Amino acid sequence: MAAEKNVGEKIKQIRELKKVSLEELSERTNLDIALVKKVEDEKVVPSLAPLIKIARALGVRLGTFLDDSDQLGPVVVRAEEHAQGVRFVSQGAEAREHLNFLSLASDKAGRHMEPFIVEIEPSQQSDYMLSSHEGEEFIYVLEGEVEINYGKDVYLLKKGDSIYMDSIVSHNVHVGSNLPAKILAVVYAPF
């Protein structure tokens, strides 16, 4: 399943099922109505922070937008299956980061954590847009260097380094050099 083609459709389905107007969803999430419409029309795929806000506003888990099936037991994703997994990007018109998310648990029903492999491309921007959302994040650097703006602090992580942080603090994750990086990120967003 390509999440790039389904996230907006699932959001719209859930919103309509719960009888929530676009205006009401925009108000509940504090997101611009034009952005919410673009997401539903699949013209832009949001990054994690807006997806978490939308999920909370609609009363569903973040994983609801990424679910591919309802596997109740353990879910195994083999290395060769990563390329076929659920992907979404953070490269919309409003986004500055070049992040490619690969969900590692899209088949797991009822999950409370969202594990991702995130490929991060270098960006020309130096004024990173910070975001925040409820929950916690664990990041482990698999390849390259990653810089994390966290509140007023900046952390440079190299291969093998990790960070566990509260997501409610404004933050941004981007490459720490001019080379791509890859991380394992586990996001917990309370429902």
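I will try to describe carefully the structure that is included in this document. Predicted model only: the values in this text are computed from it and were never measured.

## Re the overall build of the chain
Part 1 of the reasoning: Along the backbone of the chain there are 4 helices and 9 strands.
Part 2 of the reasoning: Ordered by position in the sequence, the α and β elements of the chain form the string α-α-α-α-β-β-β-β-β-β-β-β-β.
Part 3 of the reasoning: Out of the 191 residues in the chain, the part that is buried amounts to 42%.
Part 4 of the reasoning: In the chain, 67% of the contacts between residues at least 6 apart in sequence involve partners at least 24 apart.
Part 5 of the reasoning: Accessible surface for the chain amounts to roughly 10,100 Å². Of this, 50% is attributable to carbon and sulfur atoms.

## Overview of the sheet that holds strand β8 (residues 171–175)
Part 1 of the reasoning: Spatially, 3 strands are ordered β6-β5-β8 in an open sheet, and the strand pairing comes out antiparallel. Each edge of the open sheet carries a strand with a single partner, namely β6 (153–158) and β8. Each neighbouring strand pair of the sheet contributes to a mean axis angle of 20 degrees, computed without reference to strand direction.
Part 2 of the reasoning: As judged from the 5 bridges shared by strand β5 (residues 145–150) and β8, these two strands associate in the antiparallel manner.

## Here's the deal with the pattern of salt bridges
Between side chains of opposite charge, pairing is possible as soon as their charged atoms come close.
Part 1 of the reasoning: Enumeration over the complete set of coordinates arrives at 5 salt bridges.
Part 2 of the reasoning: In this structure, arginine 15 engages glutamate 40 in a salt bridge whose closest nitrogen and oxygen atoms are separated by 2.5 Å. Residue arginine 15 is located in helix α1 (residues 7–17), and its partner glutamate 40 is located in helix α3 (residues 33–40); the two are separated by 25 residues in the primary sequence.
Part 3 of the reasoning: Each of Arg15, Glu16 and Glu40 takes part in salt bridges that share partners, so that together they form one network.

## Quick word on the packing of helix α2 (residues 22–29) against α3
For any two helices packed against each other, one specifies the inter-axial angle together with the distance between the axes.
Part 1 of the reasoning: Here α2 crosses α3 at 115 degrees, and the two axes come no closer than 9 Å. As summarised for this structure, α2 and α3 are arranged roughly perpendicular, according to the angle between their axes. The hand of the α2/α3 crossing is right-handed. Contact residues: Leu22, Glu23, Leu25 and Ser26 in α2; Ile33, Val36, Lys37 and Glu40 in α3.
Part 2 of the reasoning: Considering only residue class, the contact of α2 with α3 consists of 4 nonpolar, 1 polar and 3 charged.

Cut-offs applied
Residues numbered from 1 in each chain as written. Predicted model: local features only at pLDDT ≥ 70, side-chain atom pairs only at ≥ 80, totals over all residues. Heavy atoms only, no water. Helix = DSSP H or I, 4+ residues; strand = E, 2+ residues; numbered from the N terminus. Buried < 20%, exposed > 50% of the residue type's maximum accessible area, 1.4 Å probe, protein only. Contact = heavy atoms within 4.5 Å. Areas by Shrake-Rupley, 256 points an atom, 1.4 Å probe, with all protein chains shown as cover. Pairing = 2+ DSSP bridges. Axes fitted to C-alpha atoms, helices over the stretch in contact; angles between N-to-C directions. Salt bridge = Lys/Arg side-chain N within 4 Å of Asp/Glu carboxyl O. Parallel < 35°, antiparallel > 145°, perpendicular 65-115°, else oblique. Left-handed = near helix turned anticlockwise from the far one by under 90°. Nonpolar A, V, L, I, M, F, W, Y, C, P; charged D, E, K, R; others polar.

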